[in-house]
Amino acid sequence: MKVEARPYGSLVFRYREPPPSGNAINGLGEAARKPARLVFHWSPGRKPHPWMALDLHFTMVSGLGGPLWGWGSFLQRLRMIWALRRALGPVAPVRREVRDPAAMAREIKALAQRLAGDCIVGIAEIGPDAVLEGGNVPYKHAICIGVPMNRSIMVEAPAPRAGTEVMRTYRRGAVAAVKLAEHIRAMGWPAKAFGETKTTDLLHIPVALKAGLGELGKHGSMISREFGSNFRLVAVATDLPLAVDAPVDIGVDDLCAGCQRCTLDCPAGAISDKKQLVRGVEKWYVDFDKCTPYFAETAGCAICIEVCPWSEPGRGFKLSEMLLAKRGAKARPRAAAAAK
Ligand code: SF4
Ligand code: SF4
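Notes on the structure in this doc start here. Residue numbers restart at each chain and count upward from 1, following the sequence in its written direction. As a convention, the first chain written is A and the first ligand written is 1, with the rest following in written order. Predicted model: local features are reported for residues with pLDDT of at least 70 only, side-chain atom pairs are reported and counted for 80 or more only, and whole-chain, interface and lining totals are derived from all residues.

## Observations concerning the overall build of the protein
Reasoning step 1: Numbered from the N terminus, helices here are DSSP runs of H or I no shorter than four residues, and strands are runs of E no shorter than two. Within the protein one finds 13 helices and ten strands.
Reasoning step 2: For the protein, the proportion of its 340 residues judged to be buried stands at 46%.
Reasoning step 3: When contacts within the protein are restricted to residue pairs at least 6 apart in sequence, long-range pairs at least 24 apart make up 77% of them. Here exposure depends only on C-beta density: within 10 Å of a residue's C-beta, 20 or more other C-beta atoms make it buried, 12 or fewer make it exposed, and intermediate numbers make it partly exposed, the C-beta atoms being placed from the backbone. Here, residues touch in the contact sense if the C-beta positions derived from the backbone fall within 7 Å of one another.

## A look at the site of ligand 2
Reasoning step 1: Around ligand 2 lies a shell formed by G217, K218, H219, L255, C256, C259, R261, C262, V307, C308, P309 and W310.
Reasoning step 2: Contributions of two or more residues to the shell around ligand 2 are made by helix 9 (252–256) and helix 10 (261–265).
Reasoning step 3: Ten residues, namely Ala, Val, Leu, Ile, Met, Phe, Trp, Tyr, Cys and Pro, are considered nonpolar, four, namely Asp, Glu, Lys and Arg, are considered charged, and the remaining ones, Gly among them, are considered polar. Here the shell around ligand 2 is composed, by residue class, of eight nonpolar, two polar and two charged. Whether a residue is near a molecule or strand depends on its C-beta atom, generated from backbone atoms, being within 6 Å of that molecule or strand.

## A closer look at the site of ligand 1
Reasoning step 1: Neighbouring residues of ligand 1: 13 residues in total, closest C266, C291, C301, I303 and C304.
Reasoning step 2: Element by element, the count of residues in the shell around ligand 1 is highest for helix 11 (residues 288–297), at three residues.
Reasoning step 3: Each residue belonging to the shell around ligand 1 can be placed in one class, and the counts come to twelve nonpolar, one polar and no charged.

## A word on the sheet that holds strand 6 (residues 231–238)
Reasoning step 1: Strand order in the open sheet made by the four strands is 1-2-6-3, with antiparallel pairing throughout. Where the open sheet ends on each side, the last strands, each with one partner, are strand 1 (120–125) and strand 3 (191–194). On average, adjacent strands in this sheet sit at an angle of 20° to one another, irrespective of strand direction.
Reasoning step 2: Here, strands pair whenever DSSP counts at least two bridges between them. For strand 3 and strand 6, the ladder comprises four bridges, and the chain directions are antiparallel. Residue pairing across strands places F194 opposite A235, the latter belonging to strand 6.
Reasoning step 3: Its contacts with the sheet place helix 5 (residues 101–116) against strand 1 and strand 2 (141–148), and it is angled at close to 30° to strand 2.
Reasoning step 4: Only C-alpha atoms enter the line fits that serve as axes; for helices the fit covers just the stretch in contact. Angles between N-to-C directions range over 0 to 180 degrees. Each of strand 2, strand 3 and strand 6 is contacted by helix 7 (residues 160–186), which is oriented at about 20° to strand 6, the strand it contacts most.

## What about unusual backbone geometry?
Reasoning step 1: The omega torsion of the bond from A157 to P158 falls at -5°, within 30 degrees of zero and hence cis.
Reasoning step 2: Located in the positive-phi region is H41, a residue other than glycine, with phi close to 60°.
Reasoning step 3: Among the secondary structure elements, H41 is positioned in the loop between helix 1 (22–25) and helix 2 (52–64).
Reasoning step 4: Classification of H41 by C-beta neighbours within 10 Å gives partly exposed; the count is 17.
Reasoning step 5: Unlike most non-glycine residues, R279 shows phi in positive territory, near 45°.

## What about helix 7?
Reasoning step 1: End to end, helix 7 covers 39 Å across 27 residues, agreeing with the expected 39 Å (1.5 Å per residue, within 8%).
Reasoning step 2: Taken across its 27 residues, helix 7 has 21 buried, putting it largely inside the fold.
Reasoning step 3: Positive backbone phi, at 95°, marks G188, one or two positions downstream of helix 7. Take the residue count of a helix, subtract one, and multiply by 1.5 Å to get its expected span.

## Structural notes on the packing of helix 4 (residues 72–83) against helix 7
Two quantities define a packed helix pair, namely the angle between the helix axes and the distance between the axes.
Reasoning step 1: At a minimum axis separation of 8 Å, helix 4 and helix 7 run at an interaxial angle of 10°. Our classification of the angle between helix 4 and helix 7 gives roughly parallel. Contacts between helix 4 and helix 7 involve G72, S73, Q76, R77, R79, M80 and A83 from the former and P160, G163, T164, M167, R168, Y170, R171, A174, V175 and V178 from the latter.
Reasoning step 2: Tallied by class, the residues present in the contact of helix 4 with helix 7 amount to eight nonpolar, five polar and four charged. The scheme is simple: roughly parallel for angles under 35 degrees, roughly antiparallel for over 145, roughly perpendicular for 65 to 115, oblique for anything else.

## Some remarks on the pairing of strand 2
Reasoning step 1: Taking burial as the measure, the eight residues of strand 2 include eight buried ones, the bulk of the element.
Reasoning step 2: Of the two faces of strand 2, the one lined by H141, I143, I145 and V147 and the one lined by A142, C144, G146 and P148 are each fully buried.
Reasoning step 3: Where strand 1 meets strand 2, six bridges bridge the pair, whose relative direction is antiparallel. Bridging across to strand 2, A124 finds its partner in A142.
Reasoning step 4: Relative to strand 6, strand 2 runs antiparallel, the two sharing eight bridges. Within strand 6, the residue paired with C144 across the bridge is A235.

## Quick notes on the environment of L213
Reasoning step 1: Relative to the assigned elements, L213 resides in the loop between helix 8 (204–210) and strand 4 (215–216).
Reasoning step 2: L213 sits 67 residues away from G146 along the chain, and the two C-alpha atoms are 7.5 Å apart.
Reasoning step 3: Dropping the residues within four chain positions of it, L213 is found in contact with I120, G122, C144, G146, A208, M222 and S224.

Dropping the structure here:
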């Protein structure tokens, strides 16, 4: 399905003195392994960053720009923030002991699925690569939840209804994460719910990759067999003993190597056909300086994730099977790999 890029040719926002390149802040070209630095999605309590003006402009356009973009996204964000007031809470004094972390992981995943509805769930250990520089996520495991967006609305992106759908999905995920965290705390184990990126030091994508929810695509977003890239991530961090999942190989690189759909459709020309070195890891990387001004001006562009063939409903499993068969490989199932 072809999604037309909207004619946002002349952006309203302009820096008189452009800030340092966001690509440099992100560590593009750096060979040493380092934690990710904050470059966008500022929130109260965080230190200001060099792209603050554009960040605030994005907040105005997507949130307070009601007359232009509709109030839907703003109201969904308020509801999400309201739900996340219970992200943390008291832990029950009597602890339920866990003798079988694999059985506990199955129980927690089933509960997450009941709470979030249609979703994907995986569990990973929280390592330094999953925490923002200077951030603090003092828990052992992340339960990552991928919640699908309404595809028929998202194909309109970038548009007000799509922006509202993104925030509605984050709100739905956050409500489920809060309830899951409350359930774990009632079992006597510490747990905290995390919503959208703006509200958390936990980096959703690195930890969800480890948890086997999908792979990184050329467009810099995750791709799953179930929903393609048409989903959003929330999480619960906890010390509850859980078996962790393994990263998956579903054939994403095989398709990205020959596909140029997102590269050609990105109105900002931000998507490269080659993997690049970012803080010591060779990976797909989207040019921050090109993408972010367009993303901010359109209240959250999502063109690349919607034009991706994986995002077409019902296509992911067949695509994965075909790509892996071509390579002579087998998909690694998303199953508990090791007890921690
Ligand atoms: S989100 Fe960024 S990378 Fe993706 S299509 Fe829009 S401008 Fe391009
Ligand atoms: S549109 Fe094509 S190249 Fe881009 S992420 Fe999807 S499969 Fe990869």
